[in-house]
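Descriptive structure summary
The chain contents come next:
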Amino acid sequence: MESELLSPQGASGWIWFYGLLSLTLNLLYPLLTTLVVLSGLQGQKIIPFIRQFSEAAVIEQMRAWGKSMAWAFLLIIPGLIRLLGYLLVPFVVCLNPDYQRGQIDALSESRKIFRRSPWKITFLFVLIAGVVPTLMTSFDEYKVLWKTPAPAFALCVVEMLLNICFIWGLWTLYRKGSTDEPAISMERH
């Protein structure tokens, strides 16, 4: 993609293909990772678990992204708060029997659970989505697989383990928050 953008002849039509592919991977990879980790946490086989929940998870995740983006167009902070509130959508889709029976909305339930421990979820998100990537930029020269294979592989493993820890942390907060405790509001209703 970078070579297409820097081409002296200008970008070709391939740039749209690369952009669409990048967008698709960036939206689906975190969800697929979450489903894989959840299957392990639930003690279920990966492929049947993904088959069972992938369609609903993709639909609900797209709804969550759409609503977050709509709020972000208005103001950045409300969009980020919505995004944080929707972090638990895959957990609701996969783990909540009321959702699976069609009795609740995944986005509403995710926001309800988020309001039970907003500061913990926000801290976890800021740590994994902000602090860790900022620290990892100091290792950018070692991330190119064909130039430094061993360090690049090690960095991939570290990032994967951090991602698994993030999903585990969200799962723990989901389990605690899905009980009937009083909610703490981080936003106005």
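Note that this is a predicted model, so its numbers are computed, not measured. (Residues numbered from 1 in each chain as written. Predicted model: local features only at pLDDT ≥ 70, side-chain atom pairs only at ≥ 80, totals over all residues. Heavy atoms only, no water.)

**So, the overall build of the protein**
Across its full length, the protein holds nine helices and zero strands. Counting from the amino terminus, helix and strand elements in the protein follow one another as α-α-α-α-α-α-α-α-α. Of all intrachain contacts in the protein linking residues separated by at least 6 positions in sequence, the fraction that spans at least 24 positions is 60%. With the model as given, the accessible surface of the protein reaches about 12,100 Å², and the carbon-plus-sulfur share is 68%. (Helix = DSSP H or I, 4+ residues; strand = E, 2+ residues; numbered from the N terminus. Contact = heavy atoms within 4.5 Å. Areas by Shrake-Rupley, 256 points an atom, 1.4 Å probe, with all protein chains shown as cover.)

**Here's the deal with the packing of aromatic side chains**
In this structure the tally under the stated criterion is two aromatic pairs. Across from the ring centre of W171, 4.4 Å away, lies the NZ or CZ of R175, which sits over that ring. (Phe/Tyr/Trp six-rings, centres within 6.5 Å; stacked < 30°, edge-to-face > 60°. Lys NZ or Arg CZ within 6 Å of the ring centre and 35° of its normal.)

**Details of helix α3 (residues 46–74)**
Taking 1.5 Å as the rise per residue, α3 with 29 residues should run 42 Å; its terminal C-alpha atoms sit 39 Å apart, in good agreement. Of all bends in α3, the biggest is about 45°, found at F53. What α3 keeps buried is the set F49, I50, F53, A57, E60, Q61, A64 and S68. Looking at the packing, one finds that the buried side of α3 touches α2 (14–41), α4 (76–85), α5 (89–95), α6 (97–100) and α7 (106–114). (Expected span 1.5 Å × (residues − 1). Bend = angle between axes of the 7 residues up to and from the residue. Buried < 20%, exposed > 50% of the residue type's maximum accessible area, 1.4 Å probe, protein only.)

**Notes on the pattern of salt bridges**
By the definition in use, this model includes four salt bridges. Measuring nitrogen to oxygen at the nearest pair gives 2.5 Å for the salt bridge that ties E60 to R63. Taken as a pair, E60 and R63 lie in helix α3 at a separation of three residues, close to a single helical turn. Between D105 and R63 there is a salt bridge, with its nearest N and O atoms 2.8 Å apart. Of the two residues, D105 sits in the loop between α6 and α7 while R63 sits in helix α3, which places them 42 residues apart along the sequence. Take D105: its relative accessible area is 27%, and that puts it in the partly exposed class. When its relative accessible area of 31% is taken as the criterion, R63 is described as partly exposed. Linked by salt bridges that have partners in common, E60, R63 and D105 make up one network. (Salt bridge = Lys/Arg side-chain N within 4 Å of Asp/Glu carboxyl O.)

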